[in-house]
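Remarks on the overall topology
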Amino acid sequence: MSTHLRRRLAAVCWSAILVCIAALVPGTARADNPIVQHLYTADPAPLVYNGRVYLYTGHDEDGATYFDMREWRVFSSSDMVNWTDHGTPMNLDTFAWADENAWAGHVAQRGGKFYWYVPVRNAATGRMAIGVAVADSPTGPFRDALGRPLVENGEIDPAIFIDDNGQAYMYWGNPNLWYVRLNTDMISFSGAPTQIPLTTAGFGTRTGNPSRPTLYEEAPWVYKRNGQYYMIFAAECCSEFIAYSTAPSPTGPWTYRGTVMPRQGSSFTNHPGIVDFNGSSYFFYHNGALPGGGGFARSVAVERFSYNANGTIPTINMTTAGAPQVGTLNPYTRQEAETIAWGSGIETEPASEGGMNVGWIQNGDYIKVKGVAFGSGASSFTARVASAGAGGSIELRLGGPNGTLVGTCAVPVTGGWQTWTTATCPVSGAAGTQDLYLRFTGGGGYLFNVNWWRFAT
Ligand code: FUB
C-alpha cells in the first residue's frame, strides 16, 4: 500500500478500527494477488511478447468517487509473480483531442510496433471515442498515431484480434457490440463499423432490463483456440460477472457458453483478459481487494486455469494466492527494485538513470521478491541507492518481512533523491530458492530510494 493510500486509509479508519488495523500495519505478510499494491490498477490487457507478459492497465486515482482515470500503466513479468513497474508510457495528454476518461484499452503487436487502442472522451464532442497510439517498444513511449479518433460512436472498451490470415479486427461497445476490420497499418479500417446482433442465443438472457435483453455489458476480449473463436466479456451490470461466447468465425454467429468468473471481489465492474504463456493459460481480471479498494479503486489480479477437454472454460474464482511462479528469479543478475511480488508502503517513480526506482520508503516498508534462486549461497549484496533524507538500512530477510536476516546494507545520505551510489554488504545464509524480503529500516521520514540490486557469490 502506498504512503498516500495509507494516509487516506487512516483518515477513514476511525469508524472501522478493527477492520483497518491489518491493512495499516506494515509488515503484515500477504499473498501475491492483486498483482500491484502501490497504486490502484484496472482493466487488464495482457500481451505476451519476447518471453515476457506485458500487462497494460488503467490507473484509478486515490480518493476517486467516480472513474477518475488520467493515465495508463505498464508492468511486465517473466514468471507471473514478480512484476516490473514500467511506469506511465501514455496518458490523456498523449491525445491532444481528448480531455477525460483514460479507460479500458488493449495493446496489439504487429510488425515490430505496438498499438494501444483506448477509449477516451473527445473534448470537442463530449462523446467517448477510440484513440490509437503507437510505440516501437512494448513499454513505450506511445504517441498518438492519428491526431484524431480512430472511431467515435460514444462506445468504449476496444479489443483487438488478429486472425491467422493476418486480418485484424477491433471489437468494442457498451451498450452495443461492434467490430470493424482493421487494415494492416493497424490505424485505419476497411468497411463500416458493424453491429454484432445481441441475441440471447449469442450472449445469454438478462432479465428485468428490456433495453438490454442480453448479458453483454462491455469489455470484449476475443481470441482463437483450436479453430474456435472466443469472446469473453463483462456481463450484466451491476455488479458484473465475466461470461463468454464462442463462434466458428471472428464475425460470428456467437453462441453463449456461460460464466467464466462469478460476481466476486468488491468492485461493481470486472474486466477480462486471457493469454497463454509458457504452456499455461492465464485469466486476468480486476477487483477491489486492496485496502481502501472498491468500484473506483480497483486492482488487477491473475489466475492460472486449464480449459476443459471439450474446449470450454472452467469457472474461475478470485484468489489471494494468484498464479504459481514460472521458474525462479536469478539474484546474480541486475534486478530492478521495482520488480516486486508484494510491496508494502513503497511507491515508484521515474529514475534519472532510466527506468523506474522505488521511493517514498519509510521505516518498516518492504518489498517481497518471490522464488529467488540463490543456489549454493550468496556472499554479498549490492544496491543502487540515493538519499536526500535520513539514509538507513536494507535488511535482507528470507521467508517473511521478519524472517531470517542474512545481511544488512547501510544506505548513506547521497545529497539527492536521484544522486545515485552503490552500497555493498556481506551476506551469509542465503542459499536454495527463497522468498526474499528487502526490509527498509531507519529513522523518521523518507529514508532513501533504490534503483536496482544484485547479489554475488
Ligand atoms: O475503467 C473504466 C471502465 O470500467 C472500463 O472502460 C470498463 O470496462 C469498466 O471496467
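Each chain carries its own residue numbering, running from 1 in the written order of its sequence. Local features in this predicted model are restricted to residues whose pLDDT is 70 or higher, and side-chain atom pairs enter the listing and the counts only when it is 80 or higher, whereas totals over whole chains, interfaces and linings include all residues. Excluded from the side-chain calculation are hydrogens and water; included are all heavy atoms of the structure.

Counting secondary structure elements, the protein chain contains three helices and 33 strands. In this treatment the radius of gyration is a C-alpha quantity, and the globule benchmark scales as 2.2 Å times the residue count to the 0.38 power. Relative to its length of 457 residues, the protein chain is compact, with a C-alpha radius of gyration of 23 Å against a globular reference of 23 Å. The principal-axis extents of the C-alpha atoms in the protein chain amount to approximately 65 × 50 × 50 Å. Classification of the 457 residues of the protein chain by burial places 59% in the buried group. Put simply, of all contacts in the protein chain between residues at least 6 apart along the chain, 59% involve residues at least 24 apart. Each accessible area is a Shrake-Rupley estimate made with a 1.4 Å probe; only the visible protein chains count as cover when residues are assessed. Roughly 16,600 Å² of accessible area belongs to the protein chain as shown, and the carbon and sulfur atoms make up 50% of that amount. The helix and strand labels rest on DSSP assignments: H or I over at least four residues marks a helix, E over at least two residues marks a strand, and numbering proceeds from the N terminus. Residue exposure (1.4 Å probe, protein chains only): buried if accessible area is under 20% of the type maximum, exposed if over 50%, otherwise partly exposed. Any two residues whose heavy atoms approach within 4.5 Å are treated as being in contact.

Glancing now at the sheet that holds strand β30 (residues 404-411). What the five strands build is an open sheet, ordered β24-β27-β32-β29-β30; its pairing is antiparallel. With partners counted over all chains shown, the strands left at the sheet margins are β24 (342-344) and β30, one partner each. The sheet shows a mean angle of 20° between the axes of neighbouring strands, taken without regard to direction. Pairing between two strands requires that DSSP report at least two bridges joining them. Across three bridges, β24 lies against strand β27 (residues 366-373) in antiparallel orientation. Along β27, the bridge assignment pairs Ser 344 with Tyr 366. Lines fitted to C-alpha atoms define the axes, with helix axes restricted to the stretch in contact, and inter-axis angles between N-to-C directions lie between 0 and 180 degrees.

Here the focus is the site of the ligand. We call a residue near a given molecule or strand whenever any one of its heavy atoms falls within 4 Å of it. In the vicinity of the ligand, the contacting residues are Asp 43, Phe 67, Met 69, Trp 103, Ala 104, Ile 156, Asp 157, Glu 218, Thr 269, His 271, His 286 and Arg 298. Under this definition, polar contacts are N or O atom pairs within 3.5 Å; protein pairs additionally need one hydrogen-donor-capable and one acceptor-capable atom, and for neighbouring residues in sequence, both atoms have to be side-chain atoms. Between the ligand and Ala 104 there is a distance of 3.4 Å, counted from an oxygen atom to a backbone nitrogen or oxygen. In the environment of the ligand, an oxygen atom lies 2.6 Å from a nitrogen or oxygen atom belonging to the side chain of Asp 157. Its free accessible area being 280 Å², the ligand has 99% of it covered by the protein chains. Grouping the amino acids of the shell around the ligand by side-chain chemistry returns five nonpolar, three polar and four charged. Only Asp, Glu, Lys and Arg are considered charged, only Ala, Val, Leu, Ile, Met, Phe, Trp, Tyr, Cys and Pro nonpolar, and every remaining residue, Gly among them, polar.

Disulfides are defined in this document as cysteine sulfur pairs within 2.5 Å. For the structure shown, the criterion picks out two disulfides. A disulfide bridge connects Cys 237 with Cys 238, and the sulfur atoms are separated by 1.6 Å. On the accessibility criterion, Cys 237 (29% relative accessible area) is partly exposed.

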